[in-house]
Amino acid sequence: MTAVMGVSVTSCMNGEDNNIATGGIFVKNSFSSFEAADGMKIIPTSGMNTLLTGTYYYIYCQYDFSQLTENSTSLSVSLLADPICIDPKSGEDLSTHAPEATNPLYVLNEDLKSGMLFWDENTLIMPVTFYCKSELTTEELEKHWFYITYDPNAIEADDTKLTLTISHVLNKGDEGENEVVRNNKTSLYKAYTLSDALREFSSKTSKKPTHIVLRAYTNSSEDKLKEDDTYTTLELEYPYKE
């Protein structure tokens, strides 16, 4: 398993007749095909080797962009790797309570804004960047949990911003008290459903938020929570406020 480091669609043009593009796309699983955020139907013609049961995925693919026109509603692609499910684990979904963070995120800052994507008014796709072992195995990734929470009691009638907290919890499992070095940095994407928090915000304020404020404990020096326990925050404009 590999962690996703970014999203882009880039052309591999070596000449005027080369219309092949290669890149990564966030998609929603339609079981026989995929759907992109703009509603485009993505049809894999090759490379689909696994049965997909999740909702949101990242696909790395190749396609001929000469088939795209102004009125195109579908796109045929060749998958270059197995689709990566970006659904939260069961229990990571939005809630009003989560375990206290045991480990920091590496960073949560302005540089990540380009990686944020509101799929729709209720769904936020975001990267979480964190420390892990140098050997990034499925077993290692399963130990890292990223809970997202909101506090309904903290929402006031005159608020314009909705605050969400990301808590990184490391489940060491059979490691016990053994010293395990985690100094490698990697990123995963998570597609969080925010509908409950947005509904609570609207019921308290009679409007939608103008911004979403994400906060988390971070440490760009080492895989330890800082003694001052101060949140790093990132403010995103909410595009569905009207």
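In case you missed it, the structure is sitting above this.
Figured I'd write up the structure that's included with this text. (Residues numbered from 1 in each chain as written. Predicted model: local features only at pLDDT ≥ 70, side-chain atom pairs only at ≥ 80, totals over all residues. Heavy atoms only, no water.)

Moving on, we get to the sheet that holds strand β14 (residues 232–237). Taken in spatial order, the 4 strands line up as β10-β11-β13-β14 in an open sheet, and their pairing is mixed. Of all strands in the sheet, those bounded by a partner on one side alone are β10 (144–149) and β14. When the angles between neighbouring strand axes are averaged without regard to direction, this sheet yields 20°. Relative to strand β13 (residues 211–216), strand β11 (residues 161–170) runs parallel, the two sharing 5 bridges. Among the inter-strand pairings, Thr165 is bridged to a residue of β13, identified as Arg215. Together, β11 and β13 form the strand contacts of helix α2 (residues 195–205), whose direction differs from that of β11 by roughly 150°. (Pairing = 2+ DSSP bridges. Helix = DSSP H or I, 4+ residues; strand = E, 2+ residues; numbered from the N terminus. Axes fitted to C-alpha atoms, helices over the stretch in contact; angles between N-to-C directions. Contact = heavy atoms within 4.5 Å.)

Residues Met126, Leu162, Leu164, Ile166, Ile212 and Leu214 are the most contacted members of the largest nonpolar core, which totals 30 residues. Sorting the residues of this core by element identifies β9 (123–132), β10, β11, β12 (184–193), α2, β13 and β14 as the ones contributing at least two each. Residue contributions to this core peak at 5 residues, all from β9. Ignoring any residue separated from it by four or fewer positions in sequence, one finds Ile212 in contact with Phe118, Leu162, Leu164, Leu198, Leu234, Glu235, Leu236 and Tyr238. Judged by nonpolar contacts, the second largest core, of 15 residues, contains Val27, Phe34, Ile59 and Cys61. (Core = buried A, V, L, I, M, F, W, Y, C linked by side-chain atoms within 4.5 Å. Buried < 20%, exposed > 50% of the residue type's maximum accessible area, 1.4 Å probe, protein only.)

Below, the discussion takes up the side chain of Glu140. Inspection of the secondary structure assignment puts Glu140 in helix α1 (residues 138–142). What makes Glu140 buried here is its relative accessible area of 2%. Other than its neighbours up to four places away in sequence, Glu140 contacts Cys132, Lys133, Glu135 and Arg182.

This part covers the sheet that holds strand β8 (residues 117–120). Sheet architecture is open: 3 strands sit in the order β8-β9-β12, paired in antiparallel fashion. Looking along the sheet, the strands with just one partner apiece sit at the ends: β8 and β12. On average, each strand axis in the sheet is inclined to that of its neighbour by 30°, with strand direction left out of account. Judged from the 3 bridges that link them, β8 and β9 form a sheet pairing that is antiparallel. Of the residues in β9, the one forming a bridge with Leu117 is Ile125.

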